[in-house]
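Chain by chain, the residues:
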Amino acid sequence: MARLLRNADHRRMPWKNGGGETVEVIVHPHGAGLSDFGWRVSMATVASDGPFSLFPGIDRTLAVLSGDGMALSIEGVGDRLLTPASQPLSFPADASTTARLTGGPITDLNVMTRRGHFSHTLSRHAVNGSLKLPAASGTRLLMALDTLGVATPDGLIGLQPLDALLLDDNMQIEVIPVSDEAAFYDIRILPAVSSA
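Residues numbered from 1 in each chain as written. Predicted model: local features only at pLDDT ≥ 70, side-chain atom pairs only at ≥ 80, totals over all residues. Heavy atoms only, no water.

Peer 1: Give a description of the overall build of the protein chain that names residues and reports values.
Peer 2: When helices and strands are counted, the protein chain shows 0 helices and 19 strands. The C-alpha radius of gyration computed for the protein chain amounts to 16 Å, which stays within 12% of the reference 16 Å derived for 196 residues, consistent with globular compactness. Across its three principal axes, the protein chain shows a C-alpha extent of roughly 45 × 45 × 30 Å. Within the protein chain, contacts between residues separated by at least 24 positions form 67% of all contacts whose residues are at least 6 apart in sequence. Looking at the protein chain as shown, the accessible area adds up to about 9,300 Å², and 52% of this sits on carbon and sulfur atoms. Within the protein chain, one finds 15 positive and 20 negative side-chain charges whose respective centroids are separated by 4 Å. (Helix = DSSP H or I, 4+ residues; strand = E, 2+ residues; numbered from the N terminus. Rg over C-alpha atoms; globule rule 2.2 N^0.38 Å. Contact = heavy atoms within 4.5 Å. Areas by Shrake-Rupley, 256 points an atom, 1.4 Å probe, with all protein chains shown as cover. Lys, Arg positive; Asp, Glu negative; His and termini not counted. Charge placed at Lys NZ, Arg CZ, Asp CG, Glu CD.)

As structure tokens, this is what we get:
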């Protein structure tokens, strides 16, 4: 089964540090708070310069969905410029991080997993024809940037911009743009490999 998560239904809540609002797309386990989630996918509008919230024991990957961009200063990583054209940036969510907007407010996509329990990948794709995505283990979530269709074993599902589609383990799908081209993010969540 594939589960459609409409943008209009995403949960709105304040940032951990109170500096803005975040839109929670999905959290695991269901109903978990900011201190006890295993993994979380969210969006946020950053309207001013300032520090990021710290999340002890969490790894995060960030991508800019809209706006000009932001310059990040990350403890232990250095300075990075993130724009809508940039590849997603992964860094520890417990590293002190400050953001400086380069040209007005931006909206970002944020994927976070609890270190030692889960890991994740975030990749951006732009297609000008149908694209088959092979089956993949773990949890997979597609986030649409444009209107597109996703052919699943259960039928065709339509996504509007910022809708997300949660896919079952090892489900093969085909992404079909409605117009000439469509972009989307592919998010994968995997259980951490035990070292025992």
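Peer 1: Quick one: what's the story with the sheet that holds strand 7 (residues 70-74), residue by residue and with numbers?
Peer 2: Taken in spatial order, the 4 strands line up as 5-10-7-8 in an open sheet, and their pairing is antiparallel. Each of the sheet's edge strands pairs with one partner strand only, and the pair in question is strand 5 (50-51) and strand 8 (78-82). Pairing geometry for strand 7 and strand 10 (residues 97-101), over 5 bridges, is antiparallel. For Met70, the partnering residue across the bridge sits in strand 10 and is Leu101. (Pairing = 2+ DSSP bridges.)

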